[in-house]
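Summary of structural features
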Amino acid sequence: MSQQGYVATPPYSQAQPGLGGYPTGFGASPPQAHYGHYGAPPQPYAAQPAGVLKPAASSPSGMPPPPVSSQYGSPTQQNGAHSQKFPSPAVSAPAMPPYGQPLQRPAYHSMAQATPPTQQITNQMSAMSIGGYGQGPLQSPQSPTSSAAPQPYQMPSAPAMGHPPMSPTGHQPPSMSVCPPMAAGPPMAATGAPPMGMPNSQPGLPPMGGGGFQQPGGPQVFPQQPGPYGGQMPGSQMAGSQAGAFAGGFPGGAAHMAGPPQKKLDPDSIPSTTQVIEDDQAKRGGQLYTTNLRGQVPPLVTTNFTAQDQGNASPRFMRCTTYSFPCSSDLAKQCQVPLATIIKPFATVPKNETPLYVVNHGEAGPIRCNRCKAYMCPFMLFIDGGRRYQCSFCNCVNEVPVQYFQHLDHMGRRVDLYERPELSLGSYEFTATLDYCKNNKPPNPPAYIFMIDVSYNNIKSGLVKLICEELKTLLDRLPKEEGAESSSIKVGFVTYNKILHFYNVKSALAQPQMMVVSDVAEMFVPLLDGFLVNVQESRAVINNLLDQIPDMFADTNESETVFAPVIQAGVEALKAAECSGKLFIFHSSLPTAEAPGKLKNRDDRKLVNTEKEKILFQPQRGVYEQLAKDSVAQGCCVDLFVFPNQYMDMATMGDIPTHTGGSVYKYSNFQVQIDGEHFLTDLRRDVEKSIGFDAIMRVRTSTGFRATDFFGAIYMNNTTDVEMAAVDCDKAVTVEFKHDDALNEETGALIQCALLYTSVGGQRRLRIHNLSLNCSSQLSELYKSCETDALINFFAKSAYHAILNQPVKTVREILVKQTAHMLACYRKHCASPSAASQLILPDAMKVFPVYMNSLMKTPVLVGSAELSTDERNFHRLSVMSMGVEESQVLLYPRLIPLHSMDVVNEAVPAAVRCSEERLSETGLFLLDNGQNLFLWLGQACTPDLIQSLFNVPSLGHLSPDMTSLPELDTAQSKKLRSIICAISQQRPHSMKMVIVKQKDRSEMLFRQHLVEDKGLHGGASYIDFLCYVHREIRQLLT
């Protein structure tokens, strides 16, 4: 792209001399705001125009091409300060009016009448100097068909290089999903998928003239203009890489040009994630999604739909990066779109959908293919009158067991097709026989062991008392088998500091008995009988114990703790009881006491941005590695709740939970009154959630491709078996596939995920999920059926895995290169021919760059010494087991305006783009990223609103420690609490609410989640990243 960045013009009549660079710094001057600019006088809040943009299904992506030396994210400078490469232009035209003057805002007109697709594209284009990110508006010949439609809203159109500004009579673009101008050239176009998500643009649309409307007859060609706007000026090509040009960010930048800068591109003209989400919700929300078609793209994860299983697994269980695999490995290499599926085998099924059927074939067990061992499923083909069946995975012909025989109808289908879940549904369960059990014995029900650190910190903070009080009621809510009266799970209790205390809570005892193990080097369990008990039977003794524990250690001065021996004790206890189970460990400090697994502080931030930075993410080996292996072998899952006040080596301590299917919860500087409820909500959910134990998963595929890489809270002993000591409803495993032969368009690609596990009632079961995908020799089909949310989940996990072995800087470069490569391949092979200066994005991937840029700015990849190493490791561990829903909202948080909410309407208000420009001083905004909730209050918030929500007269009276809303009997308070409740129910973890006042210190924390803006710790804004990627694409294409 030409270095010209985004050029948005001044009033149409005025031609701009010369070409502008980025005004005063990489993306410094903010584009026009929708709500008043941050710091400008209060503006009335204008609602987002409805239905402006047709969103596309999102799409995912993969990792490493060879590392390239791009400066992306270079450690030395902050993104934003230009290095001496670009002298600041003499006069800078501010994009915002000076503080205190009213803003000129685009006036929205009614959106009721849609603009014709071709015109919309052009319109958009013209609004940006993006000819596809490129030339700005050309002199626009009026298209006879297009003049009638009213334009949604006016905004200054951007003259871009190569053409004079548009005359005032030309149409202005609606806020569409278009991209930033990146160079001289006509606006974007796309084939197959409509360009950047324009509504119903016809496949095969020829490229639009820059800003001119397409005549029905074919593409119009505009001659390049001579003179200052003509063609590209030397030095302005995006192609020449100027390494290090943007400090801390991308190479290359504003060209060295004379003349005042032009205003920056209007951010409304580049693809909007919120618009894509809204459009998908409008188009597919509230509908029934039936899974009877091969390779159909499901609704987005953000859309509310009801799934009906008709032969393929619901998207709640399996989502793919693309639903049309390329037929050959050459095509796959050419496009570099990763082929992966994100499997959430225990995903929660909503109440209005059918739970999984359990099929019991008696002692014979499930029917399987003799050769590849795939389980009976709807893809199997019955032949020979029903006496034999052909396996669709390996093509082997098998005999049908006598007891399973059934006649075929005139269509060749079994007569009992709809009576058997395994023949008609994509997901179901089999009851497993003894052959599937350890030592051919039925398993015992699992056990939960609560292990509480009673060192000085936890006693002093009140945490131990809080846990003990909560457990009295929580133990009544242990998960139970469908239809069972009570839970079969047994429970046990351990307390520890640098020695361990075991408790005998046998129902026959009047008082609990404590047994101490002080030799932590040789861990053993001092009692068998009475350690793991049934809650109902031992209720009185357990309550007695929970009352005594806080008092027993009230005067402790012991501050040292052990950690590895605690897990060892749990594993030994489960081994002795011959069952699987889960350890709930509540721990507060680095384990420095003399014992196996003793850790030392290795937090060396001088390693950040060096070749050795990967050491910060690597766990300490030895004891912990062996312990992870032993835990998985015993089916012992570890859930770790940490309450650190300083460095804790999360990389090592979180390693066992991550390899055993467990979770890590972190509460820094824990205070009972502020964080207590947040922690207890997490603990309740963790204890109650649906879960399977001692699980092993295998992913089988039809011939031509196979599963090669697995990411998640899993343990891999070999290349095919995914072992999980436990798997719960929030854990997802991301599986990457590679070709080992050609695929066939007729038969498609089949995936079967089989999970063998022990239920909470102690039954051995097999859970099967089947999915069929299309195969195509046309890359356009692959790009059309991509899913951005699944792609970014894959990229996040593969990048977070790669940083264990590669420098973070290299991983960032690989991500950018692969993003550019995927988009360049689309441009080259799928889009209609157009000027190189256009940025053309596939419809289904048009918001992929904003997610990728957000991923680069996450604590793990941003490479800033200001971030704590533990925080970076905690973030990394959390993401590794996330499903698509969680990674989507983490990388593009919801920013919800609340000051204008309709208190009568039950719906949550529509989110706005995640950028500072959307904030207004009079506004009230809620930001939700699945981990935290921020309630942002503008300085000029009306006292009435503050009074009705917080029961205080003004913003100044609000307590900074407030973490929840008071329950007031006002319409606004009820509405806001119902919104927060609705959001919280969608998220797997409890979210602590942080109240942020504009211009307060706490605002910095909130700002780092505004992912379209420049990162606080480095990282580019969305617009700048788009420019950079466009330049990379042009380099690849030349």
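This text follows the structure it describes.
Below is a summary of the structure that appears in this document. (Residues numbered from 1 in each chain as written. Predicted model: local features only at pLDDT ≥ 70, side-chain atom pairs only at ≥ 80, totals over all residues. Heavy atoms only, no water.)

1. Structural notes on the overall build of the protein
Which entries qualify depends on this criterion: Here a strand is any run of E in DSSP of at least two residues, a helix any run of H or I of at least four, and the numbering for each starts at the N terminus. Residue contacts are counted whenever heavy atoms from the two residues lie within 4.5 Å of one another. We get accessible surface area from the Shrake-Rupley algorithm with a probe of 1.4 Å; when it comes to residues, only the shown protein chains can shield them.
When helices and strands are counted, the protein shows 23 helices and 29 strands. Across the protein, every contact between residues at least 6 apart in sequence was considered, and the portion connecting residues at least 24 apart equals 77%. Carbon and sulfur atoms make up 51% of the accessible area of the protein, which totals about 36,900 Å².

2. Observations concerning the nonpolar core
What counts here: Among the buried residues, those of types Ala, Val, Leu, Ile, Met, Phe, Trp, Tyr and Cys that are joined through side-chain atoms within 4.5 Å form a nonpolar core. Relative accessibility decides the category of a residue: with a 1.4 Å probe and only protein chains considered, values under 20% of the type maximum give buried, values over 50% give exposed, and everything between is partly exposed.
Tyr783, Phe795, Leu855 and Leu861 are the most contacted members of the largest nonpolar core, which totals 111 residues. Ranked by residues supplied to this core, first place goes to helix 15 (residues 808-829) with 10 residues. The contacts of Leu861, once residues within four sequence positions are left out, are Ala799, Tyr800, Ile803, Val808, Val811, Arg812, Leu815, Leu855 and Met856.

3. Observations regarding the packing of helix 20 (residues 943-950) against helix 21 (residues 971-986)
How we decide: The axes used here are C-alpha line fits, helices contributing only the stretch in contact, and every angle between their N-to-C directions lies in the interval 0 to 180 degrees. Each crossing gets its handedness from the near helix: less than a right angle anticlockwise from the far helix is left-handed, clockwise is right-handed. Three categories are distinguished: nonpolar for Ala, Val, Leu, Ile, Met, Phe, Trp, Tyr, Cys and Pro, charged for Asp, Glu, Lys and Arg, and polar for the others, with Gly belonging to the last.
Put simply, helix 20 and helix 21 touch, their axes get as near as 7 Å, and they point 65 degrees apart. Considering the relative orientation of helix 20 and helix 21, their crossing is right-handed. Here helix 20 contributes Leu945, Ser948 and Leu949 to the contact with helix 21, which in turn contributes Gln972, Ser973 and Leu976. Partitioning the contact of helix 20 with helix 21 into residue classes produces three nonpolar, three polar and no charged.

4. Overview of the packing of helix 14 (residues 788-802) against helix 15
Threshold: Relative orientations are named as follows: roughly parallel for angles under 35 degrees, roughly antiparallel for angles over 145 degrees, roughly perpendicular for angles from 65 to 115 degrees, and oblique for any other angle.
Axis separation between helix 14 and helix 15 bottoms out at 10 Å; the angle between their running directions is 150 degrees. The angle between helix 14 and helix 15 falls in the class roughly antiparallel. Between helix 14 and helix 15 the crossing geometry is right-handed. Between helix 14 and helix 15, the residues in contact are Phe795, Ala799 and Ala802 and Val811, Leu815, Gln818 and Met822, respectively. Tallied by class, the residues present in the contact of helix 14 with helix 15 amount to six nonpolar, one polar and no charged.

5. What to know about the pattern of salt bridges
A side chain with one charge can pair with a side chain of the opposite charge if their charged atoms come near. Heads up, the rule is: In the sections that follow, a salt bridge refers to a side-chain nitrogen of Lys or Arg positioned within 4 Å of a carboxyl oxygen of Asp or Glu.
On inspection of all chains with the given rule, the structure shows 51 salt bridges. In this structure, Lys731 engages Asp728 in a salt bridge whose closest nitrogen and oxygen atoms are separated by 3.1 Å. Comparing Lys731 with Asp728 shows no difference in burial state: the two are buried. Ionic pairing is found between Lys738 and Glu736, a salt bridge with its closest N-O pair at 3.4 Å. Here the residues in one salt-bridge network are Lys582, Asp639, Asp686, Lys689, Asp728, Asp730 and Lys731, joined through shared partners.

6. Thoughts on the pairing of strand 10 (residues 427-431)
To keep things clear, this is the line we draw: Between any two strands, pairing holds if DSSP finds at least two bridges.
Taking burial as the measure, the five residues of strand 10 include four buried ones, the bulk of the element. Strand direction decides the pairing type here: strand 6 (residues 358-359) and strand 10, joined by two bridges, are parallel. Residue Val359 lies in a different strand from strand 10, and its bridge partner there is Phe430.

7. Topic: the sheet that holds strand 27 (residues 924-928)
A sheet is described by the order of its strands in space; here four strands give the open sequence 26-27-28-29, paired in mixed fashion. A strand with exactly one partner marks an edge of an open sheet, and here the two such strands are strand 26 (894-897) and strand 29 (992-997). For this sheet the average axis-to-axis angle between neighbouring strands, irrespective of direction, equals 20 degrees. Bridge count between strand 27 and strand 28 (residues 932-937): five bridges; the pairing is antiparallel. Looking at the pairing, Leu924 lines up with Leu937 of strand 28.

8. Points about the sheet that holds strand 8 (residues 388-390)
The antiparallel open sheet is built from three strands, whose spatial order is 7-8-9. Each end of this open sheet is capped by a strand with a single partner; those strands are strand 7 (381-383) and strand 9 (397-399). Strand-to-strand, the axes of this sheet are offset by a mean angle of 35 degrees, without reference to chain direction. Pairing geometry for strand 7 and strand 8, over three bridges, is antiparallel. Residue pairing in the sheet places Leu381 in a bridge with Gln390 of strand 8.

9. Structural notes on helix 14
Selection criterion: How far a helix is expected to stretch is found by multiplying one less than its residue total by 1.5 Å.
Taking 1.5 Å per residue, 15 residues should reach 21 Å; helix 14 reaches 21 Å between its end C-alpha atoms and fits that length. Along helix 14, 14 of the 15 residues are buried, which leaves the element largely enclosed by surrounding structure.

10. Details of the packing of aromatic side chains
Applied cut-off: Two rings from Phe, Tyr or Trp (for Trp, the six-membered ring) form a pair when their centres sit within 6.5 Å of each other. Planes less than 30 degrees apart are called stacked, planes more than 60 degrees apart edge-to-face, and all others tilted.
Under the criterion given, the structure shown has 33 aromatic pairs. Relative to Phe705, the ring of Phe325 lies with its centre 5.5 Å away and its plane at 80 degrees, an arrangement referred to as edge-to-face. Note that Phe325 is positioned in strand 4 (residues 324-326) and Phe705 in strand 20 (residues 705-711), a separation of 380 residues in sequence. Neither residue differs from the other here; Phe325 and Phe705 are each classed as buried. Summarising the aromatic geometry, the rings of Phe643 and Phe670 are spaced 5.1 Å apart at their centres and angled 80 degrees between planes, so their arrangement reads as edge-to-face. Within this pair, whereas Phe643 is found in the loop between strand 17 (636-642) and helix 10 (650-653), its partner Phe670 is found in the loop between strand 18 (664-666) and helix 12 (672-688), the two being separated by 27 residues in sequence.

11. Quick look at the side chain of Asn497
Inspection of the secondary structure puts Asn497 in the loop between strand 12 (490-496) and strand 13 (500-504). By relative accessible area, Asn497 is classed as buried at 8%. If we ignore the near neighbours within four places in the chain, the residues touching Asn497 are Val454, Ser455, Glu558, Glu560, Thr561 and Val562.

12. As for unusual backbone geometry
Even without glycine at this site, Asn439 takes up a positive phi of about 55 degrees. Residue placement: Asn439 occurs in the loop between strand 10 and strand 11 (447-453). Residue class for Asn439 comes out exposed when judged on its relative accessible area of 68%. One non-glycine residue, Asp694, adopts positive backbone phi at about 50 degrees. For Asp694, the position within the fold is in strand 19 (residues 691-701).

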